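Reading the structure
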Amino acid sequence: MRCRAVLLKSTGLTSEQVGEQTDMTHISVNSWVKRFETEGIKGLETRPGRGRKPIMDCSDEESVRKAIENDRQSVKKAKEAWQQASGKEASESTFRAFLSALARDIDV
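Below, the structure is looked at part by part. (Residues numbered from 1 in each chain as written. Predicted model: local features only at pLDDT ≥ 70, side-chain atom pairs only at ≥ 80, totals over all residues. Heavy atoms only, no water.)

We now examine helix H1 (residues 2–10). Along an α-helix, residues three or four apart share an orientation, since each turn contains 3.6 residues. Looking only at H1, the buried set comprises Ala5, Val6 and Leu8. The arc that holds the buried residues of H1, viewed along the axis, is 165°, so those residues lie on one side. Counted as exposed and oriented over 90 degrees from the buried face of H1: Leu7 and Ser10. Along its buried surface, H1 packs onto helix H2 (15–22) and helix H3 (26–39). Note on H1: the residue one or two positions beyond its end, Gly12, has a positive phi of about 105°. (Buried < 20%, exposed > 50% of the residue type's maximum accessible area, 1.4 Å probe, protein only. Helix = DSSP H or I, 4+ residues; strand = E, 2+ residues; numbered from the N terminus. Arc of directions from axis to C-beta. Contact = heavy atoms within 4.5 Å.)

Spelled out as structure tokens, the structure:
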């Protein structure tokens, strides 16, 4: 959408017209055009650091493995052990998703 907005704007359409076609406000269109003019095509990429930071990351891998090894029969108990060891909190679904990601990494 960002590239499209810049291209449409370059054809001579107004920011409002471009915004209608791209579901952006005219202010956003102008911002993206300005960023493209100053930074080029790289300026249209999403910059790092956007979005919510993950609760669990690769630094938790070892402690999660230990928690699972100690309590293989209960994910809930393993999650509680990991939470006590790490001082972090995560829902059971987040913990399970992290375990699934670990299992995929092992299989690869």
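The subject of this paragraph is the packing of H1 against H3. Relative orientation of the contacting elements H1 and H3 amounts to 90°, with a least axis distance of 9 Å. As judged from the angle between their axes, H1 and H3 are roughly perpendicular. Residues Arg2, Val6 and Lys9 of H1 form the contact with H3, whose participating residues are Val29, Asn30, Trp32, Val33 and Phe36. (Axes fitted to C-alpha atoms, helices over the stretch in contact; angles between N-to-C directions. Parallel < 35°, antiparallel > 145°, perpendicular 65-115°, else oblique.)

A full pass over the atoms with the stated rule returns one aromatic pair. Note on Trp82 and Phe95: the rings are 5.9 Å apart at their centroids and 45° apart in plane angle, and the pair reads as tilted. With Trp82 in helix H5 (residues 75–86) and Phe95 in helix H6 (residues 92–107), the pair connects residues that are 13 residues apart, well separated along the chain. (Phe/Tyr/Trp six-rings, centres within 6.5 Å; stacked < 30°, edge-to-face > 60°.)

Moving on, we come to H3. Over its 14 residues, H3 runs 20 Å from end to end, which matches the ideal 20 Å to within 8%, given 1.5 Å per residue. Where H3 is concerned, the buried positions are Val29, Trp32, Val33 and Arg35. Considered in projection along H3, the buried side chains sweep an arc of 165° and stay on one side of the axis. Of the exposed residues in H3, those oriented more than 90 degrees away from the buried face are Ile27, Lys34, Glu37 and Thr38. Along its buried surface, H3 packs onto H1 and H2. Looking one or two residues past H3, Gly40 carries a phi angle of roughly 80°, positive in sign. (Expected span 1.5 Å × (residues − 1).)

The subject of this paragraph is the pattern of salt bridges. Tallied over the entire structure, the rule returns five salt bridges. Across the salt bridge formed by Lys42 and Glu45, the nearest N and O atoms sit 3.6 Å from each other. For Lys42, a relative accessible area of 58% puts it in the exposed group. Of the charged contacts in the structure, one is a salt bridge between Arg65 and Glu61, with a shortest N-O distance of 2.6 Å. Of this pair, Arg65 and Glu61 are both found in helix H4 (residues 61–70), four residues apart, which corresponds to roughly one turn of the helix. Arg65 sits in the partly exposed class, given a relative accessible area of 26%. (Salt bridge = Lys/Arg side-chain N within 4 Å of Asp/Glu carboxyl O.)

Taken N-terminus to C-terminus, the directions of H4 and H5 make an angle of 135°; their axes are 8 Å apart at the nearest point. Considered as vectors, H4 and H5 are oriented oblique to each other. The way H4 lies across H5 gives a crossing that is right-handed. Along the contact surface, H4 presents Ser63, Val64, Ala67 and Ile68, while H5 presents Ala78, Ala81 and Trp82. (Left-handed = near helix turned anticlockwise from the far one by under 90°.)

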